Each structure stands twice: as C-alpha cells, then as structure tokens.
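Structural description and commentary
Listed below, chain by chain, are the residues.
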Amino acid sequence: MTFYLGIDGGGTKTKFLLGDEECIRAEATTAGSNILRTGQEAVRDALLRGIDDVCTSAGITQDDISRVVGGIAGSSNEEVRTALVEILRERISGDVTVVGDMVIAHHAALEGRPGVLVNAGTGSIAYGRNKQNQTARAGGWGFAISDEGSGHCIGRAAIATAMRSFDAGVHQDFVHHLVTALGVERPEQLAAFANSTANPDFAQVFPIIVSIAELGDESAQLILRDAGEELALLAETVLHRLFGDEDTAVVASGGVFRNAITVFESFQSKLLANHRELRISLTHADPAMGALMLARIPL
C-alpha cells in the first residue's frame, strides 16, 4: 500500500494528515513551523515530531511514505523552502515538495478550480489561479510589513487603539476590557507587552477583541471591520491581475474569518461594492487535506 503525507504548517500550529490513496490513516498536530517567526531548530522539532507521531499512529515507518507535500508559512522565500525540504528529508526517503501554505489552502477550498482564496489566521494572504493556470498573490510578506487583516495585525491595532484612547481619555471601556482580559493592572502595561520583545505575540489578542466586540464595543467592532476591508483589498489585487471583470469565486478561510463574522461581513461588503458578479463564500476546508490531495496527484 502507498502512503502520502500532507502538512499544513502555520505560524501557530502544524497539522499532519497521513493517508493512502483513499483514506486518512492518522493525523497529528505540533507547534508552528514558520522559520521566520520561531527559528529553524524549533521548526525542525515540530516537523520531525509530527512525522514520527503520524507514522507511529498508523503503524508504519517513514520509509513507507511515498510522497510528502508541505504547505508551510514562509516558504515563498527560497532559502526557507530549501531549509524545510532538508529538514523533511531527514525522515522522508520518498518525494518531498514544499509550497506556500496558500497553495494547499487554495486547493482545499476550491478543489482545484480557478478562483481566489483569502486566508486570514495568524498571518494573511490572497492567492489566486485562473483558467490559464496563471497564479498571483497579494500580501503575506510577514508580520513586520504585511499580513493585513490577520490575527497579528488585529491584535497590534487593538493595543495601538487602546494606547491612543488612554492618551486622549476616550473609549475607556475598551481600554478597561483589554487591560482586564490580558491580566495586567494598568494601561501602561499594554505598551510594555507590545514592546518587551522583538516579536510579540499579537495574535493572542485577537480572540479578546472578538469578545469585546460581541459586547457591543464600537472600538473593537471598528478594528474588525477595518480588518475585513484590508483583506478585501488583498483580494482586489489578485482579481485585477488574474480575472479582470470575469465572474469567479472568492473564498475566505482561516481563523480570523471563522471566529469573527464581522470581519467576513466587512470583507464581503467591500468586495461586492465593486464586483457584484463575485461568488463569495466562507469555507471550513482543511488546508492539510489540500496538501494530502496534492500529494496523491501522480508526478
């Protein structure tokens, strides 16, 4: 029997799906595998441990795996992609392919059909493919300069908004909610949280903002609406490059869309204002399944 492995490597977690030609035989989850965020040794540990776990669960050895496709954050960078392939080959003797995580998410969401996928989780990206198999992307260039509308950017915007509100003496309910939820005593400590490390985990603030928005807080709701509009602009860029005025599908995926309906509604409204012909949907498709589906395609 031939076995295949699909890997979805994001900034927060890495998911592994091991299957044969038809069935899923095992799955595992480890820590995030974005080298640019956590470093090569941490990613090496996450990837090798995940491979070992799924093989143990399925009762096979690593040599039984014919092909691996990994869609891993940061792998648009050639040096990162090369490093990831080398890590995977420490365990896998079969074929190893590493692509951007947007490629496997697109395949899972659109089942190989043309269209645009906008994925928003810890980071964000828009990626599309048309009928001519031309591809284009927008965003996803890392948290320092890009990842618009992502969980990271929402968290950063929330703390920035809180500090501006604190300075001006306005919207104190928002400041109070954020201070309480993060377990600090004073607003000044929000700034300390944001500046205490070179790579603060702003994404952990995202679910807090969703909760505050659900209380009816206007500041939190505005942050989420702005994120939806930023994500719509990424989709606009890809639509312009690949489809022009052509009718196509736009699919939203990722934890930001799934957990904050305000973001999706803002995203949808912004796009439909300029492209009434678009078919916009929210998907719960599993990118790891997209990786496994690609691994099963004959070379």
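Residues numbered from 1 in each chain as written. Predicted model: local features only at pLDDT ≥ 70, side-chain atom pairs only at ≥ 80, totals over all residues. Heavy atoms only, no water.

**A short note on unusual backbone geometry**
Rule in force here: Going along the chain from the N terminus, every DSSP run of H or I of four or more residues is numbered as a helix, and every run of E of two or more is numbered as a strand.
Look at Asn-133: it is not a glycine, yet its phi comes out positive at around 65°. Locating Asn-133 in the fold gives a position in the loop between strand 7 (124-129) and strand 8 (135-138).

**Some details on the pattern of salt bridges**
Put simply, the test is: Between Lys or Arg on one side and Asp or Glu on the other, a salt bridge is scored when a side-chain nitrogen of the former is within 4 Å of a carboxyl oxygen of the latter. Think of it in three bands: residues with accessible area under 20% of the maximum for their type are buried, residues over 50% are exposed, and the middle band is partly exposed, with areas taken using a 1.4 Å probe on protein chains only.
Applying the stated rule across the entire model yields 10 salt bridges. Put simply, Asp-20 and Arg-25 hold a salt bridge, and the shortest N to O gap is 2.8 Å. In this structure, Glu-111 engages Arg-113 in a salt bridge whose closest nitrogen and oxygen atoms are separated by 3.3 Å. By relative accessible area, Arg-113 is classed as partly exposed at 44%. Each of the salt bridges in this network shares a partner with another, and the network as a whole consists of Lys-15, Glu-27 and Asp-286.

**Some remarks on the sheet that holds strand 4 (residues 65-72)**
Threshold: DSSP-based pairing: two strands are paired if at least 2 bridges between them are found. Angles run from 0 to 180 degrees between N-to-C directions of axes, and those axes are lines fitted to C-alpha atoms, restricted for helices to the stretch in contact. Should any heavy atoms of two residues lie within 4.5 Å, those residues are counted as being in contact.
Within the open sheet, the 5 strands sit side by side as 3-2-1-4-5. Their pairing is mixed. For this open sheet the edge positions go to strand 3 (24-31) and strand 5 (95-99), each flanked by a neighbour on one side alone. Within the sheet, the average angular offset between the axes of one strand and its neighbour, ignoring direction, is 15°. With 5 bridges joining them, strand 4 and strand 5 adopt parallel strand pairing. From the neighbouring strand, Val-69 faces strand 5, where its bridge partner is Thr-97. With respect to the sheet, helix 2 (residues 40-58) is in contact with strand 1 (3-9), strand 2 (13-19), strand 3 and strand 4, its orientation differing from that of strand 3 by roughly 150°.

**Digging into the packing of aromatic side chains**
Threshold: Ring geometry is summarised as follows: Phe, Tyr and Trp rings, the Trp one being its six-membered ring, pair when their centres sit within 6.5 Å, and such pairs are stacked at plane angles under 30 degrees, edge-to-face over 60 and tilted between the two.
All told, the structure shown has 4 aromatic pairs when counted by the stated rule. With 6.4 Å between their ring centres and 35° between their planes, Phe-264 and Phe-267 make a pair best called tilted. With Phe-264 and Phe-267 both in helix 11 (residues 261-274), this residue pair falls 3 residues apart, about one helical turn. Residue class for Phe-264 comes out buried when judged on its relative accessible area of 9%. Residue Phe-267 is classed as buried on the basis of its relative accessible area, which comes to 0%. Taken together, the ring pairs connect Phe-257, Phe-264 and Phe-267 into an aromatic cluster.

**A closer look at the environment of Gly-254**
With respect to the helices and strands, Gly-254 occurs in the loop between strand 9 (249-253) and helix 10 (255-259). Gly-254 gets classed as buried once you look at its relative accessible area, which sits at 9%. Residues Gly-254 and Phe-16, spaced 238 residues apart in sequence, show a C-alpha to C-alpha distance of 17 Å. With near-sequence residues (within four places) excluded, Gly-254 lies in contact with Asn-119 and Ala-120.

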